[in-house]
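Structural overview
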Amino acid sequence: MVVYDRYQRRFALKNPVKKVSDGAVYKLPNEYGKMVKIYNGNWRTPEKEREVVEAINGTGVMLGEVPVDVVYENGKFAGYILEEETTEEEKVEFSVGKQEAAKINAVAGIFISLATGGILSAVIYFLIFPVISKNMKAYTVTFSFDGIPMIMVGWIALLIAAYKTRVEGITSLIVCAFSYMIGAALIQLLIVLLVSLIQTAYAILAAVIPTILTAAILIWIVRAVFSR
């Protein structure tokens, strides 16, 4: 049986935990501490739905369990979600399980980050930089240091993204790879701009300084001649 709550979250229900006179109670998949009561067909009435909704909204009351959300089957009222009474031992076991899962996810995230950074570093050093350096001027290639700044800044961007986002699985791989490439591209662009700026400044100085020196010498000669 498949039911949906008011937010269109899908729940596949299997074996009931218990059966009651007006329906059955199931464990709610992937929702700790919650169960769902499904009414039998003759109890799925507009009046019962209204009673459940009013109890959830606080405008009415129900005897027995306190509903926290409504569920629907095939677009029609089917029952409601309720809180499950849990013991302290069950709460502790669930908390420990979450901690263990968090540790596993953290280790997996670190492995994905390191593997992504290592692969992209090798790709830049052995493939990308040799190709792009062929279209660079000699000075730019010199100050690019064989792509090492691209690799370093790429790693920094990757580690920052991994720390800030803390996503898992394929999403982590995409975020890490994208951040690495953005960081590497930006630093290389900055190097190109800085080298171009330095070359432009050097060209301007090379053109202006001789003119200034020539003008200064002429002024000195004229003043020397007329001062006699």
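An account of the accompanying structure is given in this report.

**So, the pattern of salt bridges**
- Applying the stated rule across the entire model yields seven salt bridges.
- Between Lys 37 and Asp 22 there is a salt bridge, with the nearest N and O atoms lying 3.0 Å from each other. Within this pair, whereas Lys 37 is found in strand S5 (residues 34–39), its partner Asp 22 is found in the loop between strand S3 (18–20) and strand S4 (23–27), the two being separated by 15 residues in sequence. Both residues of the pair, Lys 37 and Asp 22, belong to the buried class.

**Re the packing of aromatic side chains**
- If you walk through the whole model with that rule in mind, you get five aromatic pairs.
- Seen from their ring centres, Tyr 39 and Trp 43 are 6.4 Å apart, and the 15° between their planes marks the pair as stacked.
- The class for Tyr 39 is buried, based on a relative accessible area of 3%.
- Residue classification places Trp 43 among the partly exposed residues on the basis of a relative accessible area of 35%.
- Relative to Phe 126, the ring of Tyr 125 has its centre 5.0 Å away and its plane inclined at 85°; by these criteria the two rings are edge-to-face.
- Under the relative-accessibility criterion, Tyr 125 is labelled partly exposed at 36%.
- A relative accessible area of 60% places Phe 126 in the exposed class.
- Through pairs of rings, three or more aromatic residues link up here, namely Tyr 39, Trp 43, Phe 77 and Tyr 80.

Cut-offs used in this document
Residues numbered from 1 in each chain as written. Predicted model: local features only at pLDDT ≥ 70, side-chain atom pairs only at ≥ 80, totals over all residues. Heavy atoms only, no water. Salt bridge = Lys/Arg side-chain N within 4 Å of Asp/Glu carboxyl O. Helix = DSSP H or I, 4+ residues; strand = E, 2+ residues; numbered from the N terminus. Buried < 20%, exposed > 50% of the residue type's maximum accessible area, 1.4 Å probe, protein only. Phe/Tyr/Trp six-rings, centres within 6.5 Å; stacked < 30°, edge-to-face > 60°.

Geometric values such as these leave the question of function open.
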